[in-house]
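So you can see what is in the structure, the chains are spelled out below.
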Amino acid sequence: MAEFLQLTVYGIVAGSIYALGAIGLSLVYGILRFPHFAHGDLITFGAYFALVPVSILGAPPELTFFFGVAATMILAVAIDQILYRRLRKVAPVILLIASVGVALILRSAVQLIWGPGNQYYSQGISMPWRLEGVNIKPDHLLIVGGAVLLVVLLHLFLQRTKTGKAMRAMSDNADLAQVTGIEVNKVIIWTWIIGGGMAAAAGVFLGIDTRLHPVMGWRILLPVFAAAILGGIGKPYGAIVGGLIIGLAQEYSTVILSPPYKPAVAFALMVLMLIFKPTGLFAGRKA
Amino acid sequence: MSLLEVEQIRGGYGDVDILNGVDLHVDQGEIVVIIGPNGAGKSTVMKAIFGLVKVREGGIRFQNSGIANLRPDQIVRRGLCYVPQEKNVFPTLTVEENLEMGAFIRNDDFSRELERVYELFPAMYEKRRQPAGALSGGQRQMVAMGRALMLDPQLILLDEPTAGLAPQIVELIFENIRKINDIGVSLLMVEQNAKAALRMSHRGYVLTTGRNRHTDTGENLLNNREVAEMFLGG
């Protein structure tokens, strides 16, 4: 029982990180209709951006979180306006390929700037709390609490603000949004701000939970994609549930499988979903 | 002076012209209908006016200023709204959110316009918290027209507002179009239900192969033998 609860804790922590990545992926797909393969490297950049104040000022990662998020938002919008914006009228597959190129550029940039080795926000081991034989680290609470707070903020943004509603409208029907007078480029910029910010949060949390490495984001891109597809790509709310399912499934699988097979579990779930219900668990009605 | 003046426009998709010189105008307070066979370019005229199809030659003037090839969000700001054929609501947004999106470019208070839409279409007030995708075809059309009204426009373009609707709903849609006209909004529409549309319109245009063929009052077109034989089923 204790082992099951322990795996549940790890699964929820990993799931929260996947969910934050998958939300951005889903939003971008909903608005721009292409799978953004550089999303993993935005996650990496978020983690490394947050390292800047840590290494220069010695600030704790909890505070530099906001720096990492803000810098990644700017990076995501810049990539869109400089590159993706020129490709709006072409087939989505060209955007997909372009984003693979962006992924490679970003990853190399991280290696050039910060080096190829591991980095840490803080050295040393934080002592976990033991509850009924289950280890919980303070960082775990920070990660899950932070993810919940961000999801609540996202919900308020999408449901209550004019820009959030316009984002949902554009995801429903981009042509109609245009003839209604919605400024399409403004909505796209906001999509990258939200998606980039969420990716950065995922990166910082992953860095707090484990370590920083130039391929950290690329490595979790597969479970993040699996989460987005499980929840119905284009549906940010589905991405949250998808993230938790993938996170938990990966941890529970370690009971019978060796832990290195975790990515294979995410991949298997994604393939099964694509075969049996390609629209995802939460596919809305078709227009 | 007309509200909308379209002069000899030519244009289409890519290099292929679908419009080969169309002239039309809409005066203040009018309902004007465009009829014609399939492929005559009726919907393309609407899209050309609204900046969705490139106009290669000719002029489009709205309230005496040129609007040819402007972006839709720029045209909307001048008081000209467009309701596309079918797929014209945001299905996952509620009815009220759909109407709010109609007022997207406004930063001031639009509660007066919202109230006016609910007065015109009381059924929409009851359904205001429901997703628009859950409504019937006729109700969706009301949401789409309501959304266009949120900017208090001078002129609304309606592309086949009755497409795919049952006959008894068609009557209701025409009644709503009349109601919109009664509050001082001019309308230019494309319609397949040619007879009914001509009956309620001040004037009509018959379009074939991207050109004007006939232009007259709705009543005269109804009584025109050639038009009747060609498009009104004898």
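Residues numbered from 1 in each chain as written. Chains lettered and ligands numbered in written order. Predicted model: local features only at pLDDT ≥ 70, side-chain atom pairs only at ≥ 80, totals over all residues.

Participant: Explain the overall build of chain B to me, please; I cannot follow it from the model alone.
Facilitator: A count of helical and extended segments in chain B gives 10 helices and 10 strands. At 17 Å, chain B has a C-alpha radius of gyration in line with the 17 Å of a compact globule built from 234 residues. Over its C-alpha atoms, taken along the principal directions, chain B stretches across nearly 45 × 40 × 35 Å. Taking all 234 residues of chain B together, the buried fraction comes to 47%. Sequence-distant contacts, at least 24 apart, represent 67% of the contacts inside chain B between residues at least 6 apart. (Helix = DSSP H or I, 4+ residues; strand = E, 2+ residues; numbered from the N terminus. Rg over C-alpha atoms; globule rule 2.2 N^0.38 Å. Buried ≥ 20, exposed ≤ 12 C-beta atoms within 10 Å, placed from the backbone. Contact = placed C-beta atoms within 7 Å.)

Participant: Explanation requested: the overall build of chain A in the structure shown.
Facilitator: Assigned secondary structure in chain A consists of 11 helices and two strands. For 287 residues, the compact-globule estimate of 2.2 N^0.38 gives 19 Å, and the C-alpha radius of gyration of chain A, at 19 Å, lies within 12% of that figure. Each principal axis of the C-alpha atoms in chain A carries an extent, and together these give about 60 × 45 × 35 Å. Sorting the 287 residues of chain A into buried and exposed places 50% on the buried side. At a minimum sequence separation of 6, the contacts of chain A that also span at least 24 residues come to 76%.

Participant: Help me understand the sheet that holds strand β9 (residues 203-208) of chain B in this model?
Facilitator: Across a sheet, strands are paired by hydrogen bonds formed along the backbone, either parallel or antiparallel in direction. Residues and elements named next belong to chain B. The strand order across the open sheet formed by six strands is β6-β7-β8-β3-β9-β10, and the pairing between neighbours is mixed. Each of the sheet's edge strands pairs with one partner strand only, and the pair in question is β6 (80-83) and β10 (211-217). Mean inter-strand twist for the sheet, computed between neighbouring axes without regard to direction, equals 15°. As defined by bridge partners, β6 adjoins strand β7 (residues 155-159) across four bridges and the pair is classed as parallel. The partner of valine 83 across the bridge, within β7, is leucine 158. Seen against the sheet, helix α7 (residues 167-182) touches β3 (31-35), β7 and β8 (186-190) and runs at an angle of roughly 150° to β8. (Pairing = 2+ DSSP bridges. Axes fitted to C-alpha atoms, helices over the stretch in contact; angles between N-to-C directions.)

Participant: How should the interface of chain B and chain A be read in this particular structure?
Facilitator: Many descriptions give the size of an interface as the accessible area lost when the pieces come together. Each side of the interface is counted separately: chain B has 20 residues, and chain A has 17 residues. Those elements that provide at least two residues to the side of chain B that touches chain A are α2 (72-77) and α3 (95-102) of chain B. Per-element accounting of the side of chain B that touches chain A gives the leading share, four residues, to α3 of chain B. Its residues placed into classes, the side of chain B that touches chain A shows 11 nonpolar, four polar and five charged. (Nonpolar A, V, L, I, M, F, W, Y, C, P; charged D, E, K, R; others polar.)

Participant: I'm lost on the packing of helix α10 (residues 236-253) of chain A against helix α11 (residues 262-276) of chain A in this one. Help?
Facilitator: Helix-helix packing is described using two parameters, namely the angle between the two axes and the distance between the axes. Residue and element names in this part refer to chain A. Orientation of α10 relative to α11, taken along the N-to-C sense of each, is 130°, at an axis distance of 9 Å. Judged by the inter-axis angle, α10 sits oblique to α11. Crossing angle aside, the handedness with which α10 passes α11 is right-handed. Residues Ile246, Ala249, Gln250 and Ser253 of α10 touch α11, and the partners they reach there are Lys262, Val265, Ala266 and Leu269. (Parallel < 35°, antiparallel > 145°, perpendicular 65-115°, else oblique. Left-handed = near helix turned anticlockwise from the far one by under 90°.)

Participant: I would appreciate a short explanation of the environment of valine 53 of chain B in the present structure.
Facilitator: Residue and element names in this part refer to chain B. Relative to the helices and strands, valine 53 resides in the loop between α1 (42-49) and β4 (54-62). Spatially, the C-alpha atom of valine 53 lies 19 Å from that of serine 65, the residues being 12 residues apart in sequence. Apart from residues lying up to four places away in sequence, valine 53 is in contact with Gly11, Gly12, Tyr13, Thr44, Lys47 and Ala48.

Participant: Please clarify how the pairing of strand β2 (residues 16-26) of chain B should be interpreted in this entry.
Facilitator: Regular strands show a simple pattern: their side chains alternate between the two faces of the sheet. All names here are of chain B. The sheet contact formed by strand β1 (residues 4-13) and β2 spans eight bridges and is antiparallel. Of the residues in β2, the one forming a bridge with glutamate 5 is histidine 25. Hairpin remark: β1 followed by β2, antiparallel, with two residues in the connecting loop; positive phi at glycine 14, about 60°.

Participant: What is the right way to read the pairing of β1 of chain B from this model?
Facilitator: Examined bridge by bridge, β1 of chain B and β4 of chain B share seven bridges and lie antiparallel to one another. Across the sheet, glutamate 7 of chain B pairs through a bridge with glycine 59 of chain B, a residue of β4 of chain B.

Participant: Looking at this model, I keep getting lost on the environment of isoleucine 105 of chain B. Mind explaining?
Facilitator: Mapped onto the elements, isoleucine 105 of chain B comes out in the loop between α3 and α4 (111-120). For isoleucine 105 of chain B, a count of 15 C-beta atoms within 10 Å corresponds to the partly exposed category. Each C-alpha atom of the pair isoleucine 105 of chain B and arginine 77 of chain B lies 7.5 Å from the other, and the pair is 28 residues apart in sequence. Look past the residues within four positions of isoleucine 105 of chain B in its chain and what remains in contact with it is Gly181 of chain A together with Asp73, Val76 and Arg77 of chain B.

Participant: Please clarify how the nonpolar core should be interpreted in this entry.
Facilitator: Where a protein is soluble and globular, its nonpolar side chains tend to be buried together. In this structure, Ala19 and Ala227 of chain A together with Ile156 of chain B are the most contacted members of the largest nonpolar core, which totals 166 residues. Setting aside residues no more than four positions away along its own chain, alanine 19 of chain A makes contact with Ala147, Ala227, Ala239, Ile240, Gly243 and Leu244 of chain A. (Core = buried A, V, L, I, M, F, W, Y, C linked by C-beta atoms within 7 Å.)

Participant: Looking at this structure, how should I read unusual backbone geometry?
Facilitator: A negative phi holds for most residues other than glycine; trans holds for most peptide bonds. All names here are of chain B. Its identity is not glycine, yet glutamate 86 carries a phi of approximately 45°, on the positive side. Following the sequence through the fold, glutamate 86 ends up in the loop between β6 and α3. With 16 C-beta atoms packed within 10 Å, glutamate 86 lands in the partly exposed category. Non-glycine residue threonine 209 carries a positive phi angle of around 40°. Residue placement: threonine 209 occurs in the loop between β9 and β10.

Participant: Quick question: what am I supposed to make of the sheet that holds β4 of chain B here?
Facilitator: Residue and element names in this part refer to chain B. With antiparallel pairing, four strands are arranged side by side in an open sheet as β2-β1-β4-β5. Two strands in the sheet have a free side with no partner beyond their single neighbour: β2 and β5 (65-66). By the bridge criterion, two bridges tie β4 to β5 in an arrangement that is antiparallel. Bridge pairing links arginine 61 to glycine 66 in β5. Across the sheet, α1 is in contact with β1, β2 and β4; its angle to β2 comes to roughly 75°.

The quantities given are spatial measurements derived from coordinates; they are silent on function.
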